[in-house]
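# Structure at a glance
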Amino acid sequence: MPGTDNAFVEFSGVQKTYDGETLVVKDLNLEIARGEFLTMLGPSGSGKTTTLMMLAGFEGAQGSILLAGRSIGNMPPHKRDIGMVFQNYALFPHMTVEENLGFPLKVRKLGKLEREAKINRALDMVRLGAYRGRRPGQLSGGQQQRVAVARALVFDPKLVLMDEPLGALDKQLREHMQLEIKHIHEDLGVTVVYVTHDQGEALTMSDRIAVFNYGVIQQLAAPAELYERPQNAFVAQFIGENNRLHGKVVALHDATCQVEIPGAGKVQALAVNVGGVGRSTVLSLRPERVKLNPAPGSLPNVFSAQVSEVIYLGDHVRTRVSVCGHDDFVIKLPNSEGTVQVEPDAVITIGWKTEDCRALDAS
Ligand code: ADP
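Residues numbered from 1 in each chain as written. Predicted model: local features only at pLDDT ≥ 70, side-chain atom pairs only at ≥ 80, totals over all residues. Heavy atoms only, no water.

## Overview of the environment of Arg 108
To be explicit about the condition: Put simply, DSSP marks the helices as runs of H or I at least four residues long and the strands as runs of E at least two long, and each gets a number from the N terminus on. Accessible area is worked out with a 1.4 Å probe on protein chains only. A residue is then buried under 20% of its type maximum, exposed over 50%, and partly exposed in between. The contact rule is simple, with two residues in contact once any of their heavy atoms fall within 4.5 Å. N or O atoms closer than or at 3.5 Å make up a polar contact, with two conditions inside protein: a donor-capable atom paired with an acceptor-capable one, and, for residues adjacent in sequence, both atoms drawn from side chains.
Within the secondary structure, Arg 108 sits in the loop between α2 (97-107) and α3 (112-125). Of the residues examined, Arg 108 reaches a relative accessible area of 30% and is grouped as partly exposed. Those residues in contact with Arg 108 that lie beyond four places of it in its chain are Asp 81 and Phe 155. A distance of 3.0 Å separates a polar side-chain atom of Arg 108 from the backbone oxygen of Pro 104.

The structure is reproduced here in structure tokens:
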């Protein structure tokens with residue numbers, strides 16, 4: 001983890017521009033631990049692939065990139081010994097599965113017996129032993145992607161880079177493959193750097209997630225930390241669902257603050273990322289943290305809300321209400337025994353705890 005001598009990949013002051021003007025990666029400082037599964041998550045164009053390509057050696061970089069303590073700035077891609085998996089598989093269409101896996105081993109001049117042993121092990125890992133004689137065109141999309149994963153791992157690289165590897169698969173297969181790749185990572189202890197724009201995928205697979213926007217890491221943290229404690233409004237919005245209430249800070253006391261919502265009253269919140277008294281802020285509140293009909297005096301924030309929509313979703317009921325002058329406020333009520341039914345147009349009382357409401361930057 002950062003700050004220890006266990007860093008396997010280290011970006012220090014790394015920048016990238018393609019046109020000599022716009023920085024698409026800005027002053028990147030990132031340490032990735034040996035054996036870690038690190039995901040770069042962010043919207044399209046935020047600089048994830050560029051960062052991955054600089055690590056792979058396909059794009060030049062300003063600044064320093066160390067791999068296992070050695071500078072790789074001038075090292076060509078094939079000398080870095082990094083396995084790679086892309087969205088479009090990039091398998092050799094004219095070769096069988098076995099030949100595809102054998103290719104990186106031949107390039108590394110391994111003998112036949114050693115090649116066979118490694119190919120068998122990699123095929124076992126992705127459970128494709130029975131398909132060794134087929135060409136990619138004779139396999140399903142999911143099978144092709146498993147071959148691509150096996151080919152990236154067959155030569156025992158210490159680092160594997162994956163760029164949206166599951167992007168072309170349907171939802172069910174994608175979720176299955178997420179777990180499969182995660183288990184392979186756990187079994188092998190290989191370091192994985194993974195790129196995706198899918199937050200569910202990032203939360204499922206990663207030890208830590210670096211959330212990118214405009215070429216800058218907005219927050220770097222374990223999945224639960226990112227969801228529970230987003231440090232800015234972008235991360236709160238990008239990871240999971242999030243209600244936003246706009247207001248002004250009217251009082252600050254250590255870790256908490258009071259925020260005035262125009263026309264609606266005051267809210268007690270955690271002061272996470274606020275400039276000071278008088279500054280605008282965005283309150284971030286997860287839909288599942290809103291309580292319906294709180295007992296009198298049990299919560300510091302209690303408001304009257306008008307229900308505009310109720311959607312039954314099996315495991316929970318999703319309710320849209322108007323509250324504090326915002327009419328797109330969402331509440332998720334679990335479908336458990338004792339859940340009170342809500343009806344459209346009803347006026348209900350809702351409330352939330354101070355620590356479930358985060359006052360963030362107003363951007
Ligand atoms: P992401 O992977 O997060 O979608 P990229 O790293 O691919 O983002 O792109 C970051 C920015 O760099 C985008 O604005 C993109 O248009 C630009 N970019 C990416 N590759 C090139 C390239 N080869 N030439 C010029 N601009 C590029």
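This is not the end of the story, as more comes after the structure.
## Regarding helix α4 (residues 141-153)
Since the α-helix advances by 3.6 residues per turn, residues separated by three or four positions end up pointing in the same direction. Threshold: One less than the residue count of a helix, multiplied by 1.5 Å, gives the span that helix is expected to have.
With 13 residues, α4 ought to run about 18 Å at 1.5 Å a step, and its terminal C-alpha atoms sit 19 Å apart, in line with that. Here α4 lies mainly inside the structure; 12 of its 13 residues are buried. Buried residues along α4 sit in contact with β6 (82-86), α2, α3, β7 (159-163) and α5 (171-188).

## Considering the side chain of Ser 46
Within the secondary structure, Ser 46 sits in the loop between β3 (37-41) and α1 (48-56). Since its relative accessible area comes to 2%, Ser 46 is described here as buried. Within the local environment of Ser 46, its side chain forms a polar contact with the backbone oxygen of Pro 43, the two atoms lying 2.7 Å apart. Not counting residues up to four positions away in its chain, the partners in contact with Ser 46 are Val 24, Phe 212, Asn 213, Tyr 214 and Gly 215.

## Let's talk about the sheet that holds β7
To keep things clear, this is the line we draw: For two strands to be treated as a pair, DSSP must find at least two bridges joining them. The axes used here are C-alpha line fits, helices contributing only the stretch in contact, and every angle between their N-to-C directions lies in the interval 0 to 180 degrees.
Reading across the sheet, the six strands line up as β6-β7-β8-β3-β9-β10 and stay open at both edges, with mixed pairing between neighbours. Two strands in the sheet have a free side with no partner beyond their single neighbour: β6 and β10 (216-221). Averaged over all pairs of adjacent strands, the angle between their axes in this sheet comes to 15°, without regard to strand direction. Sheet topology places β7 next to strand β8 (residues 191-196); five bridges connect them, and they run parallel. Looking at the pairing, Met 162 lines up with Tyr 194 of β8. Where α4 meets the sheet, its contacts fall on β6 and β7, and the angle it forms with β6 comes to roughly 165°.

## Quick look at the state of the cysteines
Quick note on the threshold: Any cysteine sulfur atom paired with another within 2.5 Å is treated as part of a disulfide.
Going through the model one piece at a time under the given rule, you end up with zero disulfides. Cys 324 takes part in no disulfide bond, and the closest cysteine sulfur, belonging to Cys 357, lies 9.3 Å away. Looking at Cys 357, it has no disulfide partner, and the nearest cysteine sulfur is the one in Cys 257, 8.0 Å off.

## Focus: empty space enclosed by the protein
We apply this condition: A cavity here means a set of 1 Å grid points, computed over protein atoms only, where a 1.4 Å probe fits but cannot escape. A pocket is an open set with protein on both sides within 12 Å along at least 5 of 7 lines, and lining residues have an atom within 4 Å of a point. Grid points are joined across faces, edges and corners, and a volume is the space filled by probe spheres set on the points. Three residue categories are used. Nonpolar comprises Ala, Val, Leu, Ile, Met, Phe, Trp, Tyr, Cys and Pro, charged comprises Asp, Glu, Lys and Arg, and polar comprises the others, including Gly.
Counted according to the given criterion, the structure contains one cavity of 30 Å³ or more. Of the volumes computed, that of the largest cavity is approximately 40 Å³. Every element with two or more residues in the lining of the largest cavity is listed here: α4 and α5. The element best represented in the lining of the largest cavity is α5, accounting for three residues. Residues of the lining of the largest cavity, tallied by class, amount to seven nonpolar, one polar and no charged.

## Some words on the site of the ligand
Counted only if it meets this: When at least one non-hydrogen atom of a residue lies within 4 Å of a molecule or strand, that residue is treated as near it.
Close contacts around the ligand come from Tyr 18, Val 24, Pro 43, Ser 44, Gly 45, Ser 46, Gly 47, Lys 48, Thr 49 and Thr 50, and that covers them all. Note that a nitrogen atom of the ligand is positioned 3.4 Å from one of the side-chain N or O atoms of Tyr 18. At 2.8 Å, a side-chain N or O of Lys 48 approaches an oxygen atom of the ligand. No other element matches the three residues that α1 contributes to the shell around the ligand. Looking at side-chain class alone, the shell around the ligand contains three nonpolar, six polar and one charged residues.

## Brief notes about the nonpolar core
Selection rule: Among buried residues, those of type Ala, Val, Leu, Ile, Met, Phe, Trp, Tyr and Cys that are joined through side-chain atoms within 4.5 Å constitute a nonpolar core.
Leu 101, Val 147, Met 162, Ile 181 and Tyr 194 are the most contacted members of the largest nonpolar core, which has 32 residues in total. At the level of elements, α2, α3, α4, β7, α5 and β8 are the ones that each hand at least two residues to this core. Per-element tally for this core: the top contributor is α4, with six residues. In this structure Leu 101 touches Ile 119, Ala 122, Leu 123, Val 147, Ala 150, Arg 151 and Val 154, once residues within four positions along its chain are discounted.

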